[in-house]
Amino acid sequence: MIRFHILSVFGLTSVLTSWAAQAGVVYIPEGSAGSALMVESETGQPIGRIAGVEAVHGLAGAPGIPYLVAGSFTEIDHESAAQTAKPEGVSQADHNAHHAKPAKAAMPTDKGLSLLSVLDAGTGEVVRRIEVPGAVHHTAVSPDGRWAMATHPSGDGVSLIDLSTLEYAGFITTGPTPNYVSFSPDSSRAYVSNTGNGTLSELDLDRRILSRNLLAGEGPEHFVLSRDGATVFVADAEAGAVLRLDIASGAETATYGFGAELHGLDLSDGEETLFVAVKGADKVAAVDLTSGAVRLQELAPAPYHLTAADGSEMLLVSSREEAKIWAIDQASLQVTSEIAVEGEGHQMVVLP
């Protein structure tokens, strides 16, 4: 088994620009380490590290969009936020103006406070830090690059960020303990899983409101939308099942049971296979979505976040208990290599 050595510094702008022109990059937030590791998507070879993203759990981007959005799972006080060092290249006046509360999108006064970091996807440099109302669990970037969103589990809602202005654009109440978030393919809607009441909220972004709730088991967490936006696969995590829902009707069209706690899930490039991290049983699963057949492979300890690297045959799975990422062949589900990380590997994002 190959074990790659991590690059210990970032500051590799020219190298990363060169890599980005040749191959896809996987960004792996390293949780308590306050950094994000960058690896080449086809080989798993580490190529750099982004520092200065405290308690990063949620990390998101979209193909062709110049930004990554990193959330912090740590709350801070207002004085600490005001003293946060401004990113390089941003004037003090611009920095001070940015940290003033926007008049048209005032934050809730009864929530906490954390900082959302907007990063340059090409260099990893912090472009902007935006105050948001409470610790951030997961983030998402819309396919058209207009919006970013962050979930606040302790605040029962999500923050909307306008990426055209890099400003906080408002708070939308969803349901208790909002967990994961994703945008529709046309960027007009967003979906949020509410672990606290077993629903998937659909948000209308033009009106910035919750438009409806879909029933989604007992405690929905991670989910993945089909590319056409017609179907969603939701991990009812503690129940040990993945629910297949029709977006238009909200009907549950299939259930895949695993008998143990689940975490991350993703679809293969052709959307013929659903991959699932069966954390409670130390297994990774592959579901044939045509036949419903399930393949299981031992993977210990505690498979956690999972992403299928677009354009390759690699599946990347983090461990909740050990500081590593498994690179897995999608066809055989065999581990082909391990990538050492610092901290814990959380919401990974793959960009071409």
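Parameters and conventions
The residue numbers shown here count from 1 along each chain, following its written sequence. Only residues with pLDDT of at least 70 get local features here, since the model is predicted, and only at 80 or more are side-chain atom pairs given and counted; chain-wide, interface and lining totals rely on the full set of residues. Heavy atoms from the whole structure form the basis of all side-chain values; hydrogens and water molecules are not counted. Here, nonpolar core refers to any group of buried Ala, Val, Leu, Ile, Met, Phe, Trp, Tyr and Cys residues whose side-chain atoms link them within 4.5 Å. Accessible area is worked out with a 1.4 Å probe on protein chains only. A residue is then buried under 20% of its type maximum, exposed over 50%, and partly exposed in between. Helix and strand definitions follow DSSP, with helices as H or I runs of at least four residues and strands as E runs of at least two, each counted in order from the N terminus. The contact criterion used throughout is that any non-hydrogen atoms of two residues lie within 4.5 Å. Only protein atoms enter the 1 Å grid, on which a cavity is a set of points fitting a 1.4 Å probe that cannot get out and a pocket is an open set with protein on both sides within 12 Å along at least 5 of 7 lines, lining residues being those with an atom within 4 Å of a point. Grid points are joined across faces, edges and corners, and a volume is the space filled by probe spheres set on the points. Each Phe, Tyr or Trp ring, with Trp reduced to its six-membered ring, pairs with another whose centre is within 6.5 Å; inter-plane angles below 30 degrees give stacked pairs, above 60 give edge-to-face pairs, and intermediate values give tilted ones. Charge over a ring is defined by NZ of Lys or CZ of Arg lying within 6 Å of the ring centre and within 35 degrees of the ring normal. Whether two strands pair comes down to DSSP finding at least two bridges between them. Geometry is summarised by axes, namely lines fitted to C-alpha atoms with helices restricted to the contacting stretch, and by angles between N-to-C directions that run from 0 to 180 degrees.

Chemist: What should I look at first to understand the nonpolar core in this one?
Modeler: Note that soluble globular proteins tend to have their nonpolar side chains buried in a common cluster. If you look at the biggest cluster of nonpolar residues, it comprises 20 residues, and the most contacted ones within it are Leu116, Val141, Ile161, Leu163 and Tyr168. When residues of this core are traced back to their parent elements, those giving at least two are β7 (114-120), β8 (126-132), β10 (147-152) and β12 (167-173). Apart from the residues within four sequence positions on either side, Val141 is in contact with Ala60, Gly61, Ala62, Ile65, Val69, Trp147, Ala148, Leu163 and Phe183.

Chemist: Explain the layout of surface pockets here, please?
Modeler: Rolling a probe over the atoms, with the probe sized like a water molecule, indicates the empty space that remains. Its volume calculated, the largest pocket comes out at about 1,000 Å³. Along the walls of the largest pocket sit 35 residues, with Gly61, Ser182, Val224, Asp266 and Asp310 positioned nearest its centre. At the level of elements, β5 (56-60), β9 (139-141), β13 (178-183), β17 (220-225), β21 (265-267), β25 (303-308) and β29 (349-351) are the ones that each hand at least two residues to the lining of the largest pocket.

Chemist: Would you take a moment to explain unusual backbone geometry for this structure?
Modeler: Peptide bonds are, in most cases, trans, and in most cases residues other than glycine have a negative phi. The omega torsion of the bond from Ala300 to Pro301 falls at 5°, within 30 degrees of zero and hence cis. The phi angle at Asp156 is positive, at roughly 60°, despite the residue not being glycine. Turning to its location among the elements, Asp156 is positioned in the loop between β10 and β11 (157-162).

Chemist: Even after reading the chapter, I still don't get the packing of aromatic side chains, so can you show me in this structure?
Modeler: Centre-to-centre distance and the angle between the planes together describe a pair of aromatic rings. One pass over the structure, following the stated rule, counts 1 aromatic pair. Summarising the aromatic geometry, the rings of Tyr180 and Phe223 are spaced 5.5 Å apart at their centres and angled 85° between planes, so their arrangement reads as edge-to-face. Of this pair, Tyr180 sits in strand β13 while Phe223 is found in strand β17, placing the two residues 43 residues apart along the sequence. With respect to class, Tyr180 is no different from Phe223; both count as buried. Stacked on the ring of Trp147, the Lys or Arg Arg146 has its end atom at 4.2 Å from the ring centre.

Chemist: Explain the sheet that holds β8 to me, please; I cannot follow it from the model alone.
Modeler: In a beta sheet, neighbouring strands pair by backbone hydrogen bonds and run either parallel or antiparallel. Taken in spatial order, the 4 strands line up as β5-β6-β7-β8 in an open sheet, and their pairing is antiparallel. Each having just a single partner strand, β5 and β8 make up the two edges of the open sheet. Neighbour-to-neighbour, the strand axes of the sheet open up by a mean angle of 25°, direction not taken into account. In the sheet, β7 pairs with β8 via 6 bridges, with the strands oriented antiparallel. Bridge pairing in β8 links Leu119 to Val126.

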